[in-house]
Amino acid sequence: MSQSLLKTTGLQLAFGGLVVADNINFELHPGERLAVIGQNGAGKTTFINICTGFIRPSGGTVSFDGRDITRLSPRAIVQRGIGRSFQLPQLFLEHTVRECIQLAAAGRTGRLRIWTPLDRAIPATEVDHILELVGLRARADELCSLLPEGQRKLLDIAMALVLQPKLLIMDEPTSGVSTDEKHGLMAIIMRVLDEQKITSIFVEHDVDIVTQYATRVAAWISGRIAADGPPQEVLANPEIRRNVIGE
Amino acid sequence: MTKTTTSKMTSPKIKIAGVLLVLFALGLPMIWPWLKTPMVVATSFGIAALGVSILIRSGQLSFGHAMFSCAAGYAVAFTARAMPELDSAVLILLGTAFGAVMGMVIGLFVVRYRAIFFGMLNLALSMVLFSILGKFYSLTGGTDGIRLARPTFFGVRMERDGFETTLLVVAVVLAVALAWGVQRYMMSIAGQALTAVKTNETRLEYVGLSANRALWIGYVISAALCGLSGAMFALMQGLVTPEMGYWVRSGEIVFISILGGVGHPVGAFLGALVFEFVKLYSAALFTGAWQMVLGFVLIGLVFFVPTGLSGLLFRKEPK
């Protein structure tokens, strides 16, 4: 098998008496679409937060593309090629959709140029292309605070995608979106990920979404990975069906 | 509803307001020469307010920025005393550079804080400077301050009237250039990142841009502008005192920024002009109660024009 893209070794973290990362040893390989499932409080978002530098573990290491990123800041991790979207979309609410993409693109170099206009951070055609991919081109010049939740999610993801990451980590990309819109949203996201050949991790509660879009599933229970493998195998596991899916 | 930042830059109302302000600032003192001093003071305050409004656009309020004006004023006074042959233009540049360098150093520390902590740290630092200037009498002249002999301007030694006229023209030209420069900066990657500090710092970090660095750049620019303001003020008054850095002066700069509105650089000068004239006339007409008049103006503004006077220029006509 190819060299792992993301690897965690012995990750440990507890908030008071609540263990949220219990010796997590995990590897992700290029091209995989990993769904992370688990009940609330199982440690899914904490795992993402550790991998993206938002929280530092009390023990263990995280390496990306062969380099240790455990103690790096979110900014440094983003610049190494990990993009991230959030459960609650994190947008620049006083900016337009286009400006959000331009500002995100400026992060490719990380340089805060004081004389280069924002619209020169990225060619206009590239902004149009990414907005076309996520279906937001028609709303490019609207304030992003005016977008409905589904489109906010897409913009949040588009802002991560414009950084051209090797790995995109999405925290509940379909939460807050109506059941009817979920599959359409995931279809758009997966089409873009395929087109740009980006490896992905997404936290998800909807079993249908997991079954349809993931190539691998990791199920979290009380801060540890209780099962990890192909979706059919993990979702058929009695412990997972009882403790994660709630049957 | 749509919005683009470029539309603000090209708004015809803003251009008209800018041209009227310039004509007003240069024209009226030609008719009534006594207006030269208030006009230079208003323009100088406007430049300081322009600096503070940069920080307000990042969601941060500084209640201590007069320290940069004050320190730059003292830098100009000390230098002019040590080298009396130095020209006013050089002294203005020196004051600006001093403000910028001071902003670079203090900024390294204060940009790590936000909101009330940012505001209070700036206030505290300004009060430390105020105390030092007041206590070290042998060096700073204490509360009496330091007098400046009138230096040459562009190599020419002038009488008071000529000096004030030149300073007024220079101040207005600088104000126009700085308003354009600050608007250009606000449209830049660094400027837009600065406004994003206000709305979503977390996301800014997750697109690979440093929120602290964006704020530091804005802080240094604002300190430089306050330094320039202090240098001009010192040359105009021919005197620097610790009062220039007192917290009330910082509050006045914030007042002017809010009065004029922070949506466009024109607001800072609009606010400074209104502030200076309301203060001038209310001090003459309501001696001892002029602060109350200013207070009522601010209350009225918050209720009726929360976006400041320049906000009126952006207000959309009802369809």
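Everything discussed here concerns the structure shown above.
The rules behind the values
- Residues numbered from 1 in each chain as written.
- Chains lettered and ligands numbered in written order.
- Predicted model: local features only at pLDDT ≥ 70, side-chain atom pairs only at ≥ 80, totals over all residues.
- Contact = placed C-beta atoms within 7 Å.
- Helix = DSSP H or I, 4+ residues; strand = E, 2+ residues; numbered from the N terminus.
- Core = buried A, V, L, I, M, F, W, Y, C linked by C-beta atoms within 7 Å.
- Buried ≥ 20, exposed ≤ 12 C-beta atoms within 10 Å, placed from the backbone.
- Domains from an automatic or database assignment.
- Expected span 1.5 Å × (residues − 1).
- Pairing = 2+ DSSP bridges.
- Axes fitted to C-alpha atoms, helices over the stretch in contact; angles between N-to-C directions.

I'm lost on the interface of chain B and chain A in this one. Help?
Many analyses report the size of an interface as the accessible area lost when the parts associate. Contact with chain B, which involves 26 residues of that partner, is made by 33 residues of chain A. Counting only elements with at least two residues in the side of chain B that touches chain A, the list comes to helix 8 (160-187), helix 9 (189-199), helix 10 (201-206) and helix 11 (211-237) of chain B. Of all the elements, helix 9 of chain B adds the most residues to the side of chain B that touches chain A, at seven residues.

Would you mind going over the nonpolar core with me for this structure?
Nonpolar side chains tend toward joint burial in soluble globular proteins. Within the largest apolar cluster, 178 residues are counted, with the highest numbers of intra-cluster contacts made by Cys 100, Ile 101 and Ala 158 of chain A together with Ala 71, Ala 193, Ala 214 and Met 232 of chain B. Structurally, this core is a two-domain feature, drawing no fewer than three residues from each of domain 1 (1-81 + 165-247) and domain 2 (87-164) of chain A. The contacts of Ala 158 of chain A, once residues within four sequence positions are left out, are Ile 101, Ile 130, Leu 131, Val 134 and Leu 136 of chain A.

What's the story with helix 14 (residues 290-304) of chain B in this structure? I'm lost.
For the α-helix, the turn length of 3.6 residues means that residues three or four positions removed from each other point alike. Over its 15 residues, helix 14 of chain B runs 21 Å from end to end, which matches the ideal 21 Å to within 8%, given 1.5 Å per residue. Taking burial as the measure, the 15 residues of helix 14 of chain B include one buried ones, a minor fraction of the element.

Any chance you could explain the sheet that holds strand 2 (residues 18-28) of chain A here in plain terms?
What links the strands of a sheet is backbone hydrogen bonding, and the strands pair in either a parallel or an antiparallel sense. All names here are of chain A. What the four strands build is an open sheet, ordered 2-1-4-5; its pairing is antiparallel. Bordering the open sheet on either side are strand 2 and strand 5 (67-68), each of which pairs with just one other strand. Taken together, the two bridges between strand 4 (residues 59-64) and strand 5 define a ladder with antiparallel strand orientation. Within the sheet, the bridge partner assigned to Phe 64 lies in strand 5 and is Arg 67. Set on the sheet, helix 1 (residues 44-51) makes contact with strand 1 (6-15), strand 2 and strand 4; between it and strand 2 the angle comes to about 60°.

What is the right way to look at unusual backbone geometry in this model?
Residues and elements named next belong to chain A. Positive phi values are uncommon outside glycine, yet Asp 65 reaches one of about 55°. Residue class for Asp 65 comes out partly exposed when judged on the 16 C-beta atoms lying within 10 Å of it. For Lys 197, which is not glycine, the phi torsion reads 55° and is therefore positive. Mapped onto the elements, Lys 197 comes out in the loop between helix 6 (179-196) and strand 8 (199-203).

Just checking my understanding: could you explain the sheet that holds strand 3 (residues 33-38) of chain A for this structure?
Residues and elements named next belong to chain A. Spatial strand order, 6-7-8-3-9-10: six strands in an open sheet with mixed pairing. The open sheet is flanked by strand 6 (82-85) and strand 10 (224-229), the only strands paired with a single partner. Direction aside, neighbouring strands of the sheet carry axes that sit 15° apart on average.

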